[in-house]
Amino acid sequence: MDVNNTWLHLLIRLEHMLMETERPAASRLFKAQGSRRLGVAQQQLHRERREVLSICGRWGLTIALDEVREAAQKLPLLDDLEEDYVELAKDYRGAAEIAERLGDPIAADWLQLRANIHDLQLFMLKS
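Residues numbered from 1 in each chain as written. Predicted model: local features only at pLDDT ≥ 70, side-chain atom pairs only at ≥ 80, totals over all residues. Heavy atoms only, no water.

S.K.: Quick question: what am I supposed to make of the nonpolar core here?
M.R.: Ranked by internal contacts, the top residues of the largest apolar core, which has 35 residues, are Trp-7, Leu-10, Leu-14, Val-52, Tyr-85, Tyr-92 and Leu-111. Looking at this core, the elements that each hand over two or more residues are helix 1 (3-21), helix 2 (24-31), helix 3 (37-58), helix 4 (65-74), helix 5 (81-101) and helix 6 (105-126). When residues no more than four places from it in sequence are discounted, the contact partners of Leu-14 are Leu-45, Glu-48, Arg-49, Val-52, Leu-88 and Tyr-92. (Core = buried A, V, L, I, M, F, W, Y, C linked by side-chain atoms within 4.5 Å. Buried < 20%, exposed > 50% of the residue type's maximum accessible area, 1.4 Å probe, protein only. Helix = DSSP H or I, 4+ residues; strand = E, 2+ residues; numbered from the N terminus. Contact = heavy atoms within 4.5 Å.)

S.K.: Would you take a moment to explain the pattern of salt bridges for this structure?
M.R.: Note on pairing: side chains with opposite charge can pair once their charged atoms come close. Under the counting rule described, the total for this entry stands at 10 salt bridges. With a shortest N-O distance of 2.6 Å, Asp-79 and Arg-23 are connected by a salt bridge. With a gap of 56 residues between them, Asp-79 in the loop between helix 4 and helix 5 and Arg-23 in the loop between helix 1 and helix 2 connect regions that are remote in the sequence. Close ionic contact of Arg-58 with Glu-51 constitutes a salt bridge, the shortest N to O distance being 4.0 Å. With a relative accessible area of 47%, Arg-58 lands in the partly exposed category. When its relative accessible area of 29% is taken as the criterion, Glu-51 is described as partly exposed. A network of salt bridges, in which partner residues are shared, links Arg-13, Asp-84 and Asp-91. (Salt bridge = Lys/Arg side-chain N within 4 Å of Asp/Glu carboxyl O.)

S.K.: In this structure, what is going on with the side chain of Gln-44? I would like to understand it.
M.R.: For Gln-44, the location among the structural elements is in helix 3. Not counting residues up to four positions away in its chain, the partners in contact with Gln-44 are Arg-114, Ile-117, His-118 and Gln-121.

S.K.: Whenever I open this one, helix 2 confuses me. Can you help?
M.R.: Note that an α-helix has 3.6 residues per turn; residues three or four places apart therefore point the same way. Within the sequence span of helix 2, burial applies to Ala-25, Ala-26 and Phe-30. Viewed along the axis of helix 2, the buried residues span an arc of 120°, placing them on a single side of the element. Turned more than 90 degrees from where helix 2 packs its buried face, Pro-24, Arg-28 and Lys-31 sit exposed. Residues of helix 2 that are buried sit in contact with helix 1, helix 3, helix 5 and helix 6. (Arc of directions from axis to C-beta.)

Printed below as a string of structure tokens:
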């Protein structure tokens, strides 16, 4: 997968996650973790999207947000945040590898950290 497609795929996954977190199943799943957990998770995903777009901008990549939203809306809403977190972490790791190859260790570290955090969120949701 080339650089542009990797970042496009990551942004689509983030957008899809935001859509999934707005569904009733997400509310039920996060409620067990505390009343504010869902809101915090949604804010985090929004910040991540902004940072990913910022990294794309630094690298001169052009990602059409309309294309991202359209593609995310085509993905099935499965009410399965566990699988979504697995896929999101995988996408972050792929993007981190590209950042490393492109000589951007700060972005690579941030992307890898996000993957690790989503692994932890998955663990917490399963608990």
